[in-house]
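Residue-level structure breakdown
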Amino acid sequence: MKMKKANAVITLISMFLFLLHMIYNVLAFMMGFYNPVLSKIFGFSLLFLIALHAVMSIVIVAVFHDSKTIKYKKKNMRTLFQRITAGIMVLLLPLHIFEIPLLQKTRGIFLFSLLQSVKFIFYSAVLFHVALSLTNAFVTLGWMEDRRKKNRIDRALLITAVILVVVLGVFFTVKFTGFLSD
């Protein structure tokens, strides 16, 4: 199906732009240099591709499959988690985009705490969604056919996502407690 292959390509390009967006923002944070134009170029390009990916995914499920008959059995829990993480990302993306303006308007500790928690949940959802989706894109494009290899890579990606979420949690905890002590 051509639409699924196009969606897989968009997924991989989105993942690449996500990495660029993330790496730039981490380096900017560490080096103390931030160019909002460069960040927005990566961010809004990524936003466009994510929106396109989301619409195509919905069309693929709703039009090409009878979505009323899809059942999330044990073997299909991966798809359920992909959709849950996608839903979390869609709901929290506006807070991620408008985090800085929100913090600039209000300087309250409650809003800061809330946004830090939301950011942790958002980043965790992104990491798990990527970990759950990468090999599916490879299979759709015909780049990976060996089921055992796919399962090994899937496990490695999920373990990496869990480790990154723990590291992210530690980072947010240290950052937040450092903010409170200042």
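Presented here is a report on the structure given in the accompanying data block. (Residues numbered from 1 in each chain as written. Predicted model: local features only at pLDDT ≥ 70, side-chain atom pairs only at ≥ 80, totals over all residues. Heavy atoms only, no water.)

Brief notes about helix H1 (residues 2-31)
Applicable threshold: Secondary structure follows DSSP: runs of H or I at least 4 residues long count as helices, runs of E at least 2 residues long count as strands, and numbering of each begins at the N terminus. Each helix should span, by expectation, one fewer than its residue count multiplied by 1.5 Å. For the exposure calls, accessible area comes from a 1.4 Å probe over protein chains only, and a residue counts as buried if that area is under 20% of its type's maximum, exposed if over 50%, partly exposed in between.
An ideal rise of 1.5 Å per residue puts 44 Å on 30 residues; H1 measures up with 43 Å between its terminal C-alpha atoms. Buried within H1 are the following residues: Asn 7, Ala 8, Ile 10, Thr 11, Leu 12, Ser 14, Met 15, Leu 17, Phe 18, His 21, Tyr 24 and Ala 28. Backbone geometry just after H1 places Gly 32 at a positive phi near 75 degrees.

Some remarks on the environment of Val 130
Structurally, Val 130 is set in helix H5 (residues 109-140). Taking C-alpha positions, Val 130 is 9.2 Å from Leu 158, a pair spaced 28 residues apart along the chain.

Notes on the packing of aromatic side chains
In plain terms, the rule: Aromatic pairing here means that ring centres of Phe, Tyr or Trp (its six-membered ring) are within 6.5 Å. Orientation follows from the plane angle: under 30 degrees is stacked, over 60 is edge-to-face, and everything else is tilted.
Within the structure shown, the criterion is met by 2 aromatic pairs. Each ring, one from Phe 122 and one from Tyr 123, has its centre 5.9 Å from the other, and the planes form 50 degrees; the classification is tilted. Tyr 123 sits in the partly exposed class, given a relative accessible area of 27%. Here the aromatic rings of Phe 138 and Trp 143 are separated by 5.8 Å at their centres, their planes lie at 35 degrees, and the arrangement is tilted.

What about the side chain of Thr 135?
What counts, and what does not: Here, two residues are considered to be in contact whenever any of their heavy atoms come within 4.5 Å of each other.
Structurally, Thr 135 is set in helix H5. Ignoring sequence-local partners within four residues, the contact set of Thr 135 consists of Arg 78, Met 144, Lys 150, Ile 153, Asp 154 and Leu 157.

Re helix H3 (residues 77-97)
To be explicit about the condition: Here the bend at a residue is taken as the angle between two axes, fitted respectively to the seven residues that end there and the seven that start there.
Over its 21 residues, H3 runs 30 Å from end to end, which matches the ideal 30 Å to within 8%, given 1.5 Å per residue. Maximum bend of H3: about 35 degrees, positioned at Leu 91, with proline Pro 94 one to four residues after it. Those residues of H3 that fall on the buried side of the exposure criterion are Thr 79, Gln 82, Thr 85, Met 89, Leu 92 and Leu 93. Residues of H3 that are buried make contact with helix H2 (36-64) and H5.

Observations concerning a nonpolar patch on the surface
This is how the line gets drawn: Patches draw on residues past 30% relative accessible area with no salt bridge. Two like charges within 9 Å are joined, as are two nonpolar side chains (Val, Leu, Ile, Met, Phe, Trp, Tyr) within 5 Å. Note on areas: Shrake-Rupley with a 1.4 Å probe; residue coverage comes only from the protein chains shown. Put simply, a salt bridge is a Lys or Arg side-chain nitrogen that is within 4 Å of an Asp or Glu carboxyl oxygen.
A grouping of Leu 19, Met 22, Ile 23, Val 26, Leu 27, Phe 29, Met 30, Met 31, Phe 33 and Phe 171 is seen on the molecular surface, where their side chains present a nonpolar patch of about 1,000 Å² in accessible area. Broken down by element, the residue count for the nonpolar patch peaks at 8 residues, all from H1. Its place among the elements puts Met 22 in helix H1.

What to know about the nonpolar core
Convention followed: Buried residues of nine kinds, namely Ala, Val, Leu, Ile, Met, Phe, Trp, Tyr and Cys, make up a nonpolar core once their side-chain atoms join them within 4.5 Å.
In this structure, Leu 17, Met 89, Phe 122 and Val 126 are the most contacted members of the largest nonpolar core, which totals 16 residues. Top contributing element to this core by residue count: H1, with 5 residues.

A word on the pattern of salt bridges
Any two side chains of opposite charge can pair, on the condition that their charged atoms come close. The full count for this structure, using the stated rule, is 2 salt bridges. The partner of Arg 78 in a salt bridge is Asp 154, with the nearest N and O atoms 2.9 Å apart. With Arg 78 in helix H3 and Asp 154 in helix H6 (residues 147-181), this pair connects stretches of sequence that are 76 residues apart. Given a relative accessible area of 6%, Asp 154 falls into the buried group. Here Asp 154 and Lys 150 are joined by a salt bridge, their closest N and O atoms 2.9 Å apart. Highlighted residues: Asp 154 and Lys 150, both in helix H6, separated by 4 residues, approximately one helical turn. Three or more residues are tied together by salt bridges with common partners; here these are Arg 78, Lys 150 and Asp 154.

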